[in-house]
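Here are the chains, one letter per residue:
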Amino acid sequence: MKTAIYPGSFDPVTLGHIDIIRRAAKMTDRLIIGVLKNSSKTPLFSIEERVNMLKEACKDLSNVEVRHFDGLLVDFAKACNASVIIRGLRAVTDFEYELQWAQSNQAINPKIDTVFLVTNVQYSYLSSSVVREYASHGGDVTSFVPDFVVKQLREKFAYKEK
Ligand code: PNS
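Residues numbered from 1 in each chain as written. Predicted model: local features only at pLDDT ≥ 70, side-chain atom pairs only at ≥ 80, totals over all residues. Heavy atoms only, no water.

Draft legend 1. Main features of the environment of serine 128. By the element assignment, serine 128 lies in helix 5 (residues 128–136). With relative accessibility at 12%, the residue serine 128 sits in the buried group. Between the alpha carbons of serine 128 and lysine 111 there is a distance of 30 Å; along the sequence they are 17 residues apart. In this structure the side chain of serine 128 is engaged in a polar contact, spanning 2.7 Å, whose partner is the backbone oxygen of proline 12. (Helix = DSSP H or I, 4+ residues; strand = E, 2+ residues; numbered from the N terminus. Buried < 20%, exposed > 50% of the residue type's maximum accessible area, 1.4 Å probe, protein only. Polar contact = N/O pair within 3.5 Å; in protein donor to acceptor, adjacent residues only side chain to side chain.)

Spelled out as structure tokens, the structure:
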């Protein structure tokens, strides 16, 4: 059984992430979404909120699980018996950063490969930080994130629909 992990901060999950999840879930027997618990940045959403968002977004995908992790990605992958790490690539600017981490992870554990999925062009500009920035100013993020995340962003930033 081939297990892959899709790690990230998901603060919050975007439609771009969900597109990658749906495509990755078709390529593997089991996909584990790993939500990073402790990032150097203070997240907008708690780890519980982020895990629950992903569970809601993937509830129709029977081979997808959502877990949180702390520490090294390669250790999490090993603990999950995963041999593949999935990462989305939006633009050339992502590539250098992602290549460096993929190669260093490979140096630490050569049994785990990183596979890059090219982000759908529809979402190539999209990131969680763009969503947070727009939402913090009351901007319309309905085309960036699922409706239930729009609702949670409104609650977080305490603004009403325009
Ligand atoms: O969504 P993000 O913030 O781009 O995801 C980054 C993530 C979670 C994949 C990365 O920060 C990570 O794996 N952190 C865990 C610590 C680690 O193993 N770092 C080295 C590999 S990136």
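Still more to cover.
Draft legend 2. Structural detail: the pattern of salt bridges. Under the counting rule described, the total for this entry stands at ten salt bridges. A salt bridge links lysine 156 to glutamate 49; the shortest N-O distance between them is 3.1 Å. Of this pair, lysine 156 sits in helix 6 (residues 147–157) while glutamate 49 sits in helix 2 (residues 47–57), placing them 107 residues apart in sequence. Look at lysine 156 and you get partly exposed, because its relative accessible area is 34%. (Salt bridge = Lys/Arg side-chain N within 4 Å of Asp/Glu carboxyl O.)

Draft legend 3. Inspection of the nonpolar core at higher detail. In terms of nonpolar packing, the biggest core is built from 35 residues, with Ile21, Leu31, Ile33 and Ile86 touching the most fellow members. Secondary-structure elements contributing two or more residues to this core are strand 1 (3–8), helix 1 (15–27), strand 2 (30–36), helix 2, strand 3 (64–69), strand 4 (84–89), helix 5 and helix 6. Residue contacts for isoleucine 21: discarding those within four places in its chain leaves Tyr6, Leu31, Ile33, Leu54, Cys58, Leu61 and Val64. Counting residues in hydrophobic clusters, the runner-up holds eleven residues, among them Ile5, Ile32, Ala77 and Ile85. (Core = buried A, V, L, I, M, F, W, Y, C linked by side-chain atoms within 4.5 Å. Contact = heavy atoms within 4.5 Å.)

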